[in-house]
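# Survey of secondary and tertiary structure
Letter by letter, the chains look like this.
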Amino acid sequence: MSLFSPTKAESNPPSGPASSTVSAGASGTAWATPASATPRLLSALREDLGVVVARDPSVRGKKEAILHPALTALWAHRIAHRMHGRGLRIPARLLARWARRVTAVEIHPGAVLGRRVFIDHGAGVVIGETAVVGDDVTMYHQVTLGAVGWWSENKRPEGDRRHPVVGSGVILGANSTVLGPVTVGDRAVIGAQALVNKDVPRGARVLAPTAVIKEPGRRPELMEDVFTVIASSGSW
């Protein structure tokens with residue numbers, strides 16, 4: 001399934017496969033989003049619980065998975081997002097604020113999250129208001145899906161997207177940062193520590209430099225091992 005960059009429906013109608021739909025938030029702006037981003041609430045909550053058991057080897061069963069901090073954040077967001085879409089912005093923000101306090105995961109109620117999203121550890125994750133996250137996405141701790149800053153965002157027309165669209169099956173490594181209205185294609189991998197501010201093609205790998213260990217008394221050598229220097233995609 002592919003995702004599309006959210007745009008104003010009146011100026012640029014979405015196009016693409018039937019798996020996408022158009023939903024309007026409390027502001028009345030329509031965005032192109034995956035149809036699976038708004039499944040039945042109980043179905044979504046069950047899938048969230050199951051994915052914790054499936055992807056976290058430290059969890060031994062569903063009873064233990066309920067204590068996973070990121071699960072609390074996801075469940076709270078599922079409810080807050082529906083409240084936000086019905087115009088209950090203040091109650092939605094209060095619920096999101098509570099979830100942030102107890103889990104260290106901050107997800108704006110306006111953000112769209114698909115099915116089976118898994119946030120490992122959870123600490124320090126930030127997802128902005130106009131972000132769209134596809135199905136089966138995995139995020140590690142300290143991931144940011146953010147905007148580029150108020151000094152730029154205040155100049156955008158009202159209703160324009162400020163945050164990333166993340167395709168289905170994407171992996172976002174620890175402390176990776178994706179900023180602005182960019183699109184990360186399906187099944188891409190954003191390596192640990194990577195900073196992304198441009199579109200990422202489907203299936204691509206975005207790798208940040210890794211630390212180079214030098215033995216005491218040994219002089220550094222330029223580009224000694226290029227594969228070691230850039231191979232951060234597994235550094236979770």
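Please read all numbers here as calculations on a predicted model, not as lab measurements.

### Some points on the nonpolar core
If you look at the biggest cluster of nonpolar residues, it comprises 30 residues, and the most contacted ones within it are Ile119, Ile127, Met139, Leu145 and Leu172. Those elements giving two or more residues to this core turn out to be helix H3 (69-85), strand S3 (105-107) and strand S6 (125-127). No other element matches the 3 residues that H3 contributes to this core. Contacts of leucine 145, omitting those with residues within four sequence positions, involve Val126, Ile127, Gly128, Val133, Met139, His163, Pro164, Val166, Leu172 and Val178. Counting 7 residues, the second largest nonpolar core, distinct from the first, contains Val51, Val59, Ala65 and Phe118.

### Examining the packing of H3 against helix H4 (residues 89-103)
Direction vectors running N to C along H3 and H4 enclose 175°, while the axes themselves pass 8 Å from each other. Here H3 is positioned roughly antiparallel relative to H4, judged by the angle of their axes. Of H4, the residues touching H3 (which contributes Pro69, Thr72, Ala73, Ala76, Ile79, Ala80, Met83 and His84) are Arg89, Pro91, Ala92, Leu95, Trp98, Ala99, Val102 and Thr103.

### Focus: the packing of aromatic side chains
Using the criterion set out here, one finds 1 aromatic pair in the structure. On the basis of an interplanar angle of 75° and a centroid distance of 5.7 Å, the ring pair of tryptophan 150 and tryptophan 151 is categorised as edge-to-face. Each member of the pair tryptophan 150 and tryptophan 151 is classed as exposed.

### A closer look at unusual backbone geometry
Look at asparagine 175: it is not a glycine, yet its phi comes out positive at around 65°. Within the secondary structure layout, asparagine 175 lies in the loop between strand S11 (171-172) and strand S12 (177-179). Since its relative accessible area comes to 27%, asparagine 175 is described here as partly exposed. Backbone geometry at arginine 187 places phi at a positive 60°, although glycine is not the residue there. Here arginine 187 lies in the loop between strand S13 (183-184) and strand S14 (189-190). Judged by its relative accessible area of 46%, arginine 187 is partly exposed.

### Describing the sheet that holds strand S4 (residues 112-113)
Strand order in the open sheet formed by 4 strands is S4-S7-S10-S13, with parallel pairing between adjacent strands. Each having just a single partner strand, S4 and S13 make up the two edges of the open sheet. As defined by bridge partners, S4 adjoins strand S7 (residues 132-133) across 2 bridges and the pair is classed as parallel. Each residue of the ladder has a partner; that of leucine 113, found in S7, is valine 133.

### Describing the pattern of salt bridges
In the structure shown here, the tally under the stated rule is 9 salt bridges. The partner of arginine 116 in a salt bridge is glutamate 47, with the nearest N and O atoms 3.3 Å apart. Residue arginine 116 is found in the loop between S4 and strand S5 (118-119), and its partner glutamate 47 is found in helix H1 (residues 41-55); the two are separated by 69 residues along the sequence. Judged by relative accessible area, arginine 116 falls into the partly exposed class, the value being 25%. Linking arginine 202 and aspartate 186 is a salt bridge whose minimum nitrogen-to-oxygen distance equals 3.4 Å. Of this pair, arginine 202 sits in the loop between strand S15 (195-196) and strand S16 (205-206) while aspartate 186 sits in the loop between S13 and S14, placing them 16 residues apart in sequence. Given the relative accessible area of 4%, aspartate 186 is considered buried. Each of Glu47, Arg55, Arg115, Arg116 and Asp136 takes part in one network of salt bridges that share partners.

Rules behind the numbers
- Residues numbered from 1 in each chain as written.
- Predicted model: local features only at pLDDT ≥ 70, side-chain atom pairs only at ≥ 80, totals over all residues.
- Heavy atoms only, no water.
- Core = buried A, V, L, I, M, F, W, Y, C linked by side-chain atoms within 4.5 Å.
- Buried < 20%, exposed > 50% of the residue type's maximum accessible area, 1.4 Å probe, protein only.
- Helix = DSSP H or I, 4+ residues; strand = E, 2+ residues; numbered from the N terminus.
- Contact = heavy atoms within 4.5 Å.
- Axes fitted to C-alpha atoms, helices over the stretch in contact; angles between N-to-C directions.
- Parallel < 35°, antiparallel > 145°, perpendicular 65-115°, else oblique.
- Phe/Tyr/Trp six-rings, centres within 6.5 Å; stacked < 30°, edge-to-face > 60°.
- Pairing = 2+ DSSP bridges.
- Salt bridge = Lys/Arg side-chain N within 4 Å of Asp/Glu carboxyl O.

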